[in-house]
Amino acid sequence: MTELVGREADLALVRGLVHGGALMVVGDAGVGKSALADAAAAHAVAGGRRVLRVTGTQFEAHVSFAGLHQLVFPLLGSDLAELDEAHRAALRSAIGLRESAVPDRMMIAHATLELLTRAPVLVVVDDLPWVDQASRMVLGFVARRTAGTAVGFLATARTGEGDGLDGVPVHELRPLSGASAESLLDSRFPELGRRARHRLLAEAQGNPLALLELPVALGTQPPPTGPLPLTHRLQAVFAGRIRGLPEPTRRALLLAVLDGTGDLTVLEPDDLAPADRARVVTIDGAAARLTFRHPLIRSAVVELSTGAERRAAHRVLAERRADEPARRAWHLAEACTGPDEAVAALLQQVAHANLFRGDSVGAITELLRAADISPAGTDRSSRLAEAAYLGAIVTGDLREVPALLDAARRADPQHGGALAGAVAGAYHLLNEHGDIDTAHRLLTMAVEALPEPGDAHDKTLVEALYTLLMVCFFGGRAELWDPFHAAVARLRPQPPRLLAILAETFSDPARRAEPVLGELDATIDRLRSETSPARIVRTAIAGSYLDRIGGCREPLWRAVRHGRDGGAVTSAIEALFLLGNDAYFAGRWDDVLTLTDEGLALCQAHDYSLLRWVGDFLRAVVVTARGEHEEGRALTDRMSRWAAPRRAGVVSAYVWHVKTLAALSHGDFDEAYRCATAVTPAGELATHMPNALWLVMELVEAAARSGRPAEAAAHVAAARAARLDALSPRLALAVAGAAAMAAPDDDYPDLFERALGRPDADRWPFDLARIRLAYGERLRRTRAPSEARTHLHAAADTFEQLGARPWAARAANELRASGLRQDAPAGARLTAQQRQIAQLAAAGLSNKQIGERLFLSARTVAYHLYQIFPKLGVTSRAALRDALGDDPPGPVI
């Protein structure tokens, strides 16, 4: 292979990929990306590695998994047979070798990675932006996981064309330097005159392809002139070369371009021989593959053809691809000169197949093309509405929804897409205007207009009911739920089980959840093998008020990764916020902020304004608990301004929840009671307001501490009557803590001890710390200060670990009130482990002895003492005993 001039550093970079790793090379047309990729491939082959190539083409960009087919086709023999059955089936289904439902794209991606890592291989992807979206997701997944493997990954793309691959390093291939350009030109065309040489160097601007091709053109035609960009000039050079080929060869080249696969078995090899000799294409007879020498040649072939010639070529290819429904449908669609219902229906079938295969973006593209060639009327309208519906609920293309719905109404003013249009319209209303009531009316009218009973197998109807469920939830009003429950009850032969579970656990969990808990837990257990992001998220939502999200963490992360890799954005946003919800209750508050940052960024990027309130709520709870009051107020003010005029009950409940906790942290119990009872009255759990389950202990504490013992006792009784303690261990802890807070002075110690002794209580550190704080405060007020300090210390430690400064300050105030000496307040700021170390050091143990007792290294003990001394205001071990005073020793851990 000819050595590349002036590319030593670039060559070293791509050759290093044979040892694993990924790289994206971008640059202008003709700058040498393909040549660099060829050099990397040659180096890999010389080192005994296999090279697998994928070439993106404009005419295959809409065929789902076409790029993946190119990648794995050479491995369909013994390599594929080595995979386990699940992975083998996933790949065979994705590339159309078997008729079955294709698994989620994450399964396909894992199968592809497993296949590639079985032997050293270099994957080369030319023109990545023209690779179909479904394959790009798989390629991105593989590329991000090549580190530490024997898989190298190299992709190329023209500067400014499409997006790259998230997480894959990008290397810009620059034009050649002046000296390198001169060297290349002189080595290939030493006979050039000085004037021509100077002009070519100036025209080429360091572009290697121009340096190699423009001199050839000078021998047969005048040099190009005028203001055309260099790319257009080169295309003109290639067009001149193609014009000189025989007519049958030009027709065969057009077939090759429009087919896009390079598969000679569907082309005309004999007619392509002159193009091979003219260095327009390269033909590999052994592999039966054709490759264009440069992407600009493909563009030139198309530009030289007429519309009639292209349509004729598409008809030929449709016949030759009769056994491949997707390609056949697209070729027939491109051959259409007007409306053709038969072809539109065929393309719609392909869209549904791709939706089944997890490629919703491809399905939308196919539905829109099917609508283009549909006769005016119901079918055209329904296809446009279905595309709008998929864009709204799956891909995040909300900006396109109004235009598509308008087109659907114009195509069929009477029906306008009916149910699918109603779903898409509801999503748009919710996210554009927050119009909950209109979205509710739109959906209920569309659902109730259907003949009875409802068909439980009608996917659009079921999706409409899932959407209606979310509308009812955000509305937060009991009357919104009646049409939903009625519609679910009408489904025959029976409602889908997940929808039926959600209808109970998410609408009014205090009253309806307990009978379906077993089914819910079984559904969560099955998530290990679930591949649908929507089902994963909906299952987690079903368990969100019942503290089941922890069992869904790994599947939810799969949904997040699916969205990051170009999949379902809506599910990714919801998964991020569900994980944030779980992290909040589990005390991983830094994770809450990280997760909501990503989710809120996606909401903004895709105009999902309704979903953002969940993220804002989680963020507001954490920052307010940490004393960042300015940010907390800004978030709650924004939620209040949005929720009040729209009667968005749940968003208002979010605001009152944050304000309740803020007031409690400062000991303002009257204000806390006012805020908590704005969500649910004392003594009852507001119907169809699931957020009431999150405020049981908070409302009781506020009532008990603000002189409302009857209201506190009534609310405990309501929680017990609803059997909240049977719904989840965390709710059982909250009910037990609330009962202790509401108890009279004679009974409270036993009830607090029962609450603190509940199994796994430490899984919910913030809840547990607040119960300890309440216990310590009660003990201090009833003249048991020494015992109070034990619980107050433990509460303060947890609050400090969480960064909950107002709560830590409340605990510290109680510690001082309990008799902790004012000259040593810092002892209250020691963690439990630090206090143990200080006590053992004060007793005379060496660092080594302390370490042996606490299972720490002597160095770690020394580090802790280094932190302890300034906290206690001492400089030596001898002073520790006096500084600690009668501080009770904690248990050795």
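Predicted, not measured: the structure shown is a model, and the values here were computed from it.

Participant: Mind laying out the overall build of the chain, listing which residues take part and the relevant values?
Facilitator: The secondary structure content of the chain amounts to 46 helices and nine strands. Taken across its 893 residues, the chain has 56% of its residues classed as buried. Residue pairs at least 24 apart in sequence account for 67% of intrachain contacts in the chain once pairs closer than 6 positions are excluded. On the chain, roughly 36600 Å² of surface is accessible, and the fraction owed to carbon and sulfur atoms is 52%.

Participant: Give a description of the environment of Thr 596 that names residues and reports values.
Facilitator: Considering the arrangement of structural elements, one finds Thr 596 in helix 31 (residues 589-606). Residue classification places Thr 596 among the buried residues on the basis of a relative accessible area of 0%. Thr 596 sits 18 residues away from Leu 578 along the chain, and the two C-alpha atoms are 9.6 Å apart. Ignoring anything within four residues of it in the chain, the contact list for Thr 596 reads Phe 577, Gly 615, Leu 618 and Arg 619. Only 2.8 Å separates the side chain of Thr 596 from the backbone oxygen of Val 592, close enough to count as a polar contact.

Participant: Account for the side chain of Asp 797, naming residues and giving values.
Facilitator: Assignment of secondary structure puts Asp 797 in helix 41 (residues 785-802). Within the structure, Asp 797 has its side chain in polar contact with the side chain of Arg 835 (distance 3.4 Å).

Participant: Could you give me a rundown of the confidence of the model for the chain, with the residues and numbers involved?
Facilitator: Scored by pLDDT, the chain comes out at a mean of 86, with 89% of its residues at no less than 70. Segment residues 220-229 is flagged for pLDDT under 50; beyond a separation of four residues in sequence, or across chains, it makes nine contacts in the model. Low pLDDT, under 50, characterises residues 821-828; the stretch is placed with 18 contacts to residues that sit more than four places away or in other chains.

Participant: Which residues make up the packing of helix 39 (residues 748-756) against helix 40 (residues 765-781), and what values go with them?
Facilitator: One can describe the packing of helix 39 onto helix 40 by two numbers: an axis separation of 10 Å at closest approach and a directional angle of 160°. On the basis of their axis angle, the class for helix 39 and helix 40 is roughly antiparallel. For the crossing formed where helix 39 meets helix 40, the hand is left-handed. Along the contact surface, helix 39 presents Tyr 748, Pro 749, Phe 752, Glu 753, Ala 755 and Leu 756, while helix 40 presents Leu 768, Ile 771, Arg 772, Ala 774, Tyr 775, Arg 778 and Leu 779. Taken together, the residues that form the contact of helix 39 with helix 40 break down as ten nonpolar, no polar and three charged.

Participant: Describe the sheet that holds strand 1 (residues 21-27), with residues and values.
Facilitator: Read across the open sheet, the five strands follow the order 2-3-4-1-5; overall the sheet is parallel. The open sheet has two edge strands, strand 2 (50-55) and strand 5 (170-172), and neither has a second partner. Taking the axes of each pair of neighbouring strands and ignoring which way they run, one obtains an average angle of 20° across the sheet. Direction of pairing for strand 3 (residues 121-126) relative to strand 4 (residues 151-158): parallel, over a ladder of five bridges. In the sheet register, Val 125 faces strand 4, and the bridge partner there is Ala 155.

Participant: Lay out the pattern of salt bridges with the relevant residues and their values.
Facilitator: In this structure the tally under the stated criterion is 51 salt bridges. Here Asp 582 makes a salt bridge to Arg 553, at a shortest N to O gap of 2.5 Å. Here the residue Asp 582 occupies a position in helix 30 (residues 569-585), and Arg 553 occupies one in helix 29 (residues 553-564), the gap between them amounting to 29 residues. Judged by its relative accessible area of 9%, Asp 582 is buried.

Participant: How would you explain the environment of Val 302 if you had to name every residue and give the values?
Facilitator: Structurally, the position occupied by Val 302 is in helix 14 (residues 295-304). Sequence separation between Val 302 and Leu 258 is 44 residues; the distance between their C-alpha atoms is 8.4 Å. Leave out the neighbours within four places in its chain, and Val 302 touches Phe 59, Leu 254, Val 257 and Arg 310.

Participant: I'd love a proper account of the nonpolar core, names of residues and values included.
Facilitator: Within the largest apolar cluster, 150 residues are counted, with the highest numbers of intra-cluster contacts made by Leu 465, Phe 484, Leu 556, Leu 724 and Phe 799. Among the elements that take part in this core, helix 23 (residues 459-475) stands out by supplying twelve residues, more than any other. If we ignore the near neighbours within four places in the chain, the residues touching Phe 799 are Phe 766, Ala 769, Arg 770, Leu 773, Ala 804, Trp 807, Ala 808 and Ala 811. Residues Leu 184, Phe 189, Leu 245 and Val 281 belong to the second largest nonpolar core, which totals 42 residues.

Participant: So what's going on with the packing of helix 43 (residues 832-842) against helix 44 (residues 847-854)? Which residues, and what values?
Facilitator: Close contact between helix 43 and helix 44 brings their axes to 10 Å; oriented N to C, the two are set at 135°. When the axes of helix 43 and helix 44 are compared, the pair comes out oblique. Note on packing geometry: the crossing formed by helix 43 with helix 44 is right-handed. Where helix 43 approaches helix 44, its residues Gln 836, Ile 837, Leu 840 and Ala 841 are matched on the opposing element by Ile 850, Arg 853 and Leu 854. The residue inventory of the contact of helix 43 with helix 44, partitioned by class, reads five nonpolar, one polar and one charged.

Participant: Give a detailed account of unusual backbone geometry, specifying residues and quantitative values.
Facilitator: Of the consecutive residues Glu 452 and Pro 453, the connecting peptide bond is found in the cis state with omega at -10°. Structurally, Pro 453 can be placed in the loop between helix 22 (436-448) and strand 8 (454-455). Residue Pro 493 is reached from Arg 492 by a cis peptide bond, and omega for that bond is 10°. Among the secondary structure elements, Pro 493 is positioned in the loop between strand 9 (491-492) and helix 25 (497-505). Of note, the phi angle at Ala 288 is positive, near 55°, even though the residue is not glycine. Its location among the elements puts Ala 288 in the loop between strand 6 (281-284) and strand 7 (289-292).

Rules used throughout
Residues numbered from 1 in each chain as written. Predicted model: local features only at pLDDT ≥ 70, side-chain atom pairs only at ≥ 80, totals over all residues. Heavy atoms only, no water. Helix = DSSP H or I, 4+ residues; strand = E, 2+ residues; numbered from the N terminus. Buried < 20%, exposed > 50% of the residue type's maximum accessible area, 1.4 Å probe, protein only. Contact = heavy atoms within 4.5 Å. Areas by Shrake-Rupley, 256 points an atom, 1.4 Å probe, with all protein chains shown as cover. Polar contact = N/O pair within 3.5 Å; in protein donor to acceptor, adjacent residues only side chain to side chain. pLDDT = per-residue confidence, 0-100. Axes fitted to C-alpha atoms, helices over the stretch in contact; angles between N-to-C directions. Parallel < 35°, antiparallel > 145°, perpendicular 65-115°, else oblique. Left-handed = near helix turned anticlockwise from the far one by under 90°. Nonpolar A, V, L, I, M, F, W, Y, C, P; charged D, E, K, R; others polar. Pairing = 2+ DSSP bridges. Salt bridge = Lys/Arg side-chain N within 4 Å of Asp/Glu carboxyl O. Core = buried A, V, L, I, M, F, W, Y, C linked by side-chain atoms within 4.5 Å.

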